[in-house]
Amino acid sequence: MEQNGSIYLDYAATTPLDSEVLDAMLPYFRENFGNPSSIHRFGQRAEAALEQARETVATALNARASEILFTSGGTEGDNLALRGAALAMRKKNGAQRILISPVEHHAVLHTAQQLASDYDFKLDFLPVDRYGQVDPEDVEASLRADTAVVSVVYANNEIGTINPIAEIGKVCRQRNVPFHTDAVQAAAHLKMDVEADQVNFLAVGAHKFYGPKGVGALYVRRGMKILPTQTGGGQENGFRAGTQNIPYIIGLAESLRKAQLGLDARREYFTQLRDRIIAGVTASIPRANLTGHPTQRLPNHASFVFEGVDGNALLMMLDLEGFACSSGSACRVGTPKPSEVLLAAGYSKNWALGSLRITVGHDSTPEHVERFLDVLPRLVEKARS
Ligand SMILES: *Cc1c(COP(=O)(O)O)cnc(C)c1O
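Conventions used here
- Residues numbered from 1 in each chain as written.
- Predicted model: local features only at pLDDT ≥ 70, side-chain atom pairs only at ≥ 80, totals over all residues.
- Heavy atoms only, no water.
- Core = buried A, V, L, I, M, F, W, Y, C linked by side-chain atoms within 4.5 Å.
- Buried < 20%, exposed > 50% of the residue type's maximum accessible area, 1.4 Å probe, protein only.
- Domains from an automatic or database assignment.
- Pairing = 2+ DSSP bridges.
- Helix = DSSP H or I, 4+ residues; strand = E, 2+ residues; numbered from the N terminus.
- Axes fitted to C-alpha atoms, helices over the stretch in contact; angles between N-to-C directions.
- Contact = heavy atoms within 4.5 Å.
- Near = heavy atom within 4 Å.
- Polar contact = N/O pair within 3.5 Å; in protein donor to acceptor, adjacent residues only side chain to side chain.
- Areas by Shrake-Rupley, 256 points an atom, 1.4 Å probe, with all protein chains shown as cover.
- Nonpolar A, V, L, I, M, F, W, Y, C, P; charged D, E, K, R; others polar.
- Arc of directions from axis to C-beta.
- Phe/Tyr/Trp six-rings, centres within 6.5 Å; stacked < 30°, edge-to-face > 60°.
- Patch = residues over 30% accessible without salt bridge, like charges linked within 9 Å, V, L, I, M, F, W, Y side chains within 5 Å.
- Salt bridge = Lys/Arg side-chain N within 4 Å of Asp/Glu carboxyl O.
- Lys, Arg positive; Asp, Glu negative; His and termini not counted.
- Charge placed at Lys NZ, Arg CZ, Asp CG, Glu CD.
- Buried area = accessible area lost by both parts, 1.4 Å probe.

A word on the nonpolar core
Among the nonpolar cores identified, the biggest contains 61 residues, and Val57, Leu61, Ile68, Phe70, Met192, Leu202 and Phe209 are the most heavily contacted of them. If you count residues domain by domain, this core takes at least three from each of domain 1 (2-16 + 262-384) and domain 2 (19-259). Ile7, Ile278, Val281 and Leu315 belong to the second largest nonpolar core, which has 31 residues in total.

Observations concerning the sheet that holds strand β10 (residues 288-290)
Spatial strand order, β10-β11-β13: 3 strands in an open sheet with antiparallel pairing. The open sheet has two edge strands, β10 and β13 (355-359), and neither has a second partner. In this sheet, neighbouring strand axes are inclined to one another by 25° on average, regardless of whether the strands run parallel or antiparallel. Across the sheet, helix α8 (residues 263-284) touches β10, β11 (301-306) and β13, and the angle it forms with β11 is around 15°.

Concerning the site of the ligand
Surrounding the ligand, one finds Gly73, Gly74, Thr75, Asp78, His105, Asn157, Asp182, Val184, Gln185, His207 and Lys208. The separation between an oxygen atom of the ligand and a polar main-chain atom of Gly74 is 2.8 Å. Between the ligand and Thr75, the relevant distance is 2.6 Å, taken from an oxygen atom to a side-chain nitrogen or oxygen of the residue. Surface burial for the ligand is 88%, taken as the share of its 380 Å² of free accessible area covered by protein chains. It is helix α3 (residues 74-93) that contributes the most residues to the shell around the ligand, 3 residues altogether. Across the shell around the ligand, the residue classes tally to 1 nonpolar, 7 polar and 3 charged.

Notes on helix α9 (residues 311-320)
Along α9, the positions that sit buried rather than exposed are Gly311, Leu314, Leu315, Met317 and Leu318. Take α9 and look down its axis: the buried residues cluster within an arc of 165°, on one side only. Summarising the geometry of α9, the exposed residues directed more than 90 degrees from the buried face are Met316 and Leu320. Taking the backbone nitrogen of Asn312 as reference, a side-chain oxygen 3.0 Å away marks Asp310 as the first, capping residue of α9.

With respect to the packing of aromatic side chains
Here the structure, examined in full by the defined rule, presents 7 aromatic pairs. Relative to Tyr210, the ring of Tyr11 lies with its centre 6.3 Å away and its plane at 40°, an arrangement referred to as tilted. Taken together, the positions of Tyr11 in the loop between β2 (6-8) and α1 (19-25) and Tyr210 in the loop between β8 (201-205) and β9 (216-220) put the pair 199 residues apart, joining distant regions of the chain. With a relative accessible area of 3%, Tyr11 lands in the buried category. Ring geometry for Phe29 and Tyr248: centres 6.1 Å apart, planes at 85°, overall edge-to-face. Of this pair, Phe29 sits in the loop between α1 and α2 (41-61) while Tyr248 is found in helix α7 (residues 246-261), placing the two residues 219 residues apart along the sequence. For Tyr248, a relative accessible area of 25% gives the class partly exposed. Among the aromatic residues, those joined into a cluster by ring pairs are Tyr8, Tyr11 and Tyr210.

Let's talk about the environment of Asp374
Here Asp374 is to be found in helix α12 (residues 366-384). Separated by 216 residues in sequence, Asp374 and Glu158 have C-alpha atoms that sit 23 Å apart.

Quick word on the sheet that holds strand β5 (residues 122-125)
The strand order β3-β9-β8-β7-β6-β4-β5 describes an open sheet built from 7 strands, whose pairing is mixed. The sheet terminates laterally at β3 (68-71) and β5, the two strands that pair on one side only. Sheet twist, expressed as the average angle between the axes of neighbouring strands with direction ignored, equals 20°. Against the sheet, helix α6 (residues 165-174) contacts β6 (147-151) and β7 (179-182), and its axis sits at roughly 160° relative to β7.

Quick word on a negative patch on the surface
A contiguous patch of negative charge on the surface is contributed by Asp129, Asp135, Glu137 and Glu140. Relative to the elements of secondary structure, Asp129 occurs in the loop between β5 and α5 (136-142). Since its relative accessible area comes to 31%, Asp129 is described here as partly exposed.

Focus on the domain arrangement of the chain
When the domains of the chain are assigned, the result is domain 1 (2-16 + 262-384) and domain 2 (19-259). With centres defined by C-alpha atoms, the gap from domain 1 to domain 2 works out at 27 Å. Across the contact, 35 residues belong to domain 1 and 33 residues belong to domain 2. Summed over both partners, the interface of domain 1 with domain 2 buries about 2,800 Å², with 53% contributed by carbon and sulfur atoms. Three residues stand out in domain 1 for area buried against domain 2, namely Leu263, Leu298 and Val341, and they jointly supply 22% of the buried area on that side. Taken together, the links from domain 1 to domain 2 amount to 0 salt bridges. If you look at where domain 1 meets domain 2, you find 22 residue pairs in polar contact (both at pLDDT 80 or more). Only α8, β11 and α10 (340-344) provide two or more residues apiece to the side of domain 1 that touches domain 2. Each residue belonging to the side of domain 1 that touches domain 2 can be placed in one class, and the counts come to 14 nonpolar, 15 polar and 6 charged.

Now the structure itself:
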């Protein structure tokens, strides 16, 4: 994507809306405006569309329609799974520990921290290796009888590392502990299958895969208890009250369907662009490190740290030169603190502050990448002095 001389290389922060997805949404702003809870035929039509969307999302995740809840996005899904499962498990059997990885998105991390500080849960962190990856054996060793919920991100947004979710799911299932995974980044690039992965909860958000912002889905395995955090009407099986946002839900379903269908066709192309970025940056810039796993990483995701660089200054220089990149998390803007994720992966502050994330998308081209690689070494040098 190139707009007014600016090249967009930040598809992990958000993606533009797919125009076919927009077309699918539009009738639900206009003629099909009914409330799906209404008895009359306006309501029936809206309800039919809602349940069709639920089927579509379920098929994309290899779940049942009854296991899909619609939410306002990835953040809400993470909140609902973690808080909902923690509170329900404590009510059921007194479990009071929460076990998460140190490389979770803030939607999980800050929820777990709030459960610890204000709801008397104990919060434990799993170890990760220098790629920010969780070892299933460490999950096994860390599980206790009083663990209420485990959460491990499917693929990390900052450093792109993919976690061994199926193995972690297996360990949690053997010990009968609810397992949540934040698949908000992963669903854009990896095949989702809640059965193969043995997860109990899985959150996605549409705007990471060319759908609209402000809508997502949470998979809740049949039989799992969660305490609803939003109460009111009986929508979404009583787990999430409030009239459903039908046009956005239609957009979520269509964008997820398209994302999951197109994975294989795009992987090769993305991987080529990604690996060209990694090779170009590490060859031309001294004191630069690839962050995250070299191969078990999202196919569109390249991320680095540069020693002695102010990452925010670098981003501003890149923007002036016409390149939109990120330091790793759109939720960190204005905070001159090193990322917890990079610290957990073992980087010192002097390296972690100089982080840069480049993520490509459907309309990225090799030419965009070459132009980026042409300017980056000079800007890193400038940001160092
Ligand atoms: C973007 C993102 C979120 C938050 O999703 P929203 O839909 O923006 O609320 C959560 N987790 C990860 C890994 C993300 O990349």
